[in-house]
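Chain by chain, the residues run as shown.
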Amino acid sequence: MIRIALIAATLALPLLACGDDNSSSSKDAYDSARKQCVDQINQYRASLGLSPYARWKEAESCADGEAKSDSESGTAHGAFPSCGEHAQNECPGWPSVDQTVTGCLKMMWDEGPGPWDEGHGHYINMTSTSYSKVACGFYETPNGSVWAVQDFQ
């Protein structure tokens, strides 16, 4: 009887492992892009001696929804501030997720300091000392363009 229970327990182990493997399929497909996004913003901040923003993981799914909503309406910042953010940058209709992190963030940084109303708002958000965290959200449209938001709080 003990031998049968031991065999049954041994046979059940691989089944438990299979259940664990299935949960890995629900991993965040954008996790590495989100990390790269936050890291890139923090590299820019470090170049000015500013402290890094924390990654605002709790808002990432919501930020994805904002990116999707804006792609559907065709209006950048259209869903702002539905995630409770205080400021937002957006990369509408870029060719790839990677290019939003490399090209779009650089373009915003290159706006440089200056007045908000003269087109320096993205840079101001990236260099603010009023915020402590950032959530990077992504949405890939059916035609392959990428909308990305960076929500600051």
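Residues numbered from 1 in each chain as written. Predicted model: local features only at pLDDT ≥ 70, side-chain atom pairs only at ≥ 80, totals over all residues. Heavy atoms only, no water.

A. Structural view of the overall build of the protein chain. Along its length, the protein chain carries 5 helices and 4 strands. Secondary structure elements in the protein chain, listed N-terminal to C-terminal, are α-α-β-α-β-α-α-β-β. In the protein chain, which comprises 153 residues, the proportion classed as buried is 39%. The long-range share in the protein chain, meaning contacts at least 24 apart out of those at least 6 apart in sequence, stands at 62%. By element, 58% of the accessible surface of the protein chain is carried by carbon and sulfur atoms, the whole surface being about 8600 Å². (Helix = DSSP H or I, 4+ residues; strand = E, 2+ residues; numbered from the N terminus. Buried < 20%, exposed > 50% of the residue type's maximum accessible area, 1.4 Å probe, protein only. Contact = heavy atoms within 4.5 Å. Areas by Shrake-Rupley, 256 points an atom, 1.4 Å probe, with all protein chains shown as cover.)

B. Structural detail: the nonpolar core. In this structure, Cys 37, Ile 41, Leu 105, Met 126, Phe 138 and Phe 152 are the most contacted members of the largest nonpolar core, which totals 25 residues. The set of elements that each furnish at least two residues to this core consists of α2 (31-46), β2 (87-94), α4 (97-109), α5 (121-127), β3 (133-140) and β4 (146-152). The greatest single-element share of this core, amounting to 6 residues, is contributed by α4. Once residues lying within four places of it in the same chain are set aside, the contact partners of Phe 138 are Tyr 30, Ala 33, Arg 34, Cys 37, Asp 64, Ala 67, Val 97, Thr 100, Val 101, Trp 147 and Ala 148. Counting residues in hydrophobic clusters, the runner-up holds 5 residues, among them Ala 63, Ala 67, Trp 147 and Val 149. (Core = buried A, V, L, I, M, F, W, Y, C linked by side-chain atoms within 4.5 Å.)

C. Molecular detail of the confidence of the model for the protein chain. Counting all residues, the mean pLDDT for the protein chain is 87, and 84% of those residues have values of 70 or more. Scored below 50 in pLDDT, residues 1-24 shows 0 contacts in the model against residues more than four places distant or in partner chains. (pLDDT = per-residue confidence, 0-100.)

D. A look at the side chain of Ser 71. When you line up the elements, Ser 71 lands in helix α3 (residues 60-73). For Ser 71, a relative accessible area of 17% translates into the label buried. In this structure the side chain of Ser 71 is engaged in a polar contact, spanning 2.7 Å, whose partner is the backbone oxygen of Lys 68. (Polar contact = N/O pair within 3.5 Å; in protein donor to acceptor, adjacent residues only side chain to side chain.)

E. The packing of aromatic side chains, seen in detail. In this structure the tally under the stated criterion is 5 aromatic pairs. Among the aromatic residues, ring-to-ring pairing joins Tyr 44, Trp 109 and Tyr 123 into one connected group. Above the plane of the ring of Tyr 53 lies Arg 45, whose end atom (NZ or CZ) is 3.8 Å from the centre. (Phe/Tyr/Trp six-rings, centres within 6.5 Å; stacked < 30°, edge-to-face > 60°. Lys NZ or Arg CZ within 6 Å of the ring centre and 35° of its normal.)

F. Layout of the sheet that holds β4. As summarised here, the arrangement of the 4 strands in space is β1-β3-β4-β2, forming an open sheet in which the pairing is mixed. Whereas interior strands pair on both sides, the edge strands pair on one side only; in this sheet they are β1 (54-55) and β2. Bridge count between β3 and β4: 7 bridges; the pairing is antiparallel. When the sheet's bridge partners are listed, Val 134 is paired in β4 with Phe 152. Those strands touched by α2 are β1, β3 and β4, and its axis lies near 135° from that of β3. Against the sheet, α3 engages β1, β2, β3 and β4, with an angle of about 45° to β3. (Pairing = 2+ DSSP bridges. Axes fitted to C-alpha atoms, helices over the stretch in contact; angles between N-to-C directions.)

G. Up close: the pairing of β3. Of all 8 residues in β3, 6 are buried, a share of seventy percent or more. With 2 bridges joining them, β1 and β3 adopt parallel strand pairing. Bridge pairing links Ala 54 to Lys 133 in β3. Counting the residues between successive antiparallel strands, the hairpin from β3 to β4 contains 5 residues, one of them, Gly 144, with a positive phi of roughly 95°.

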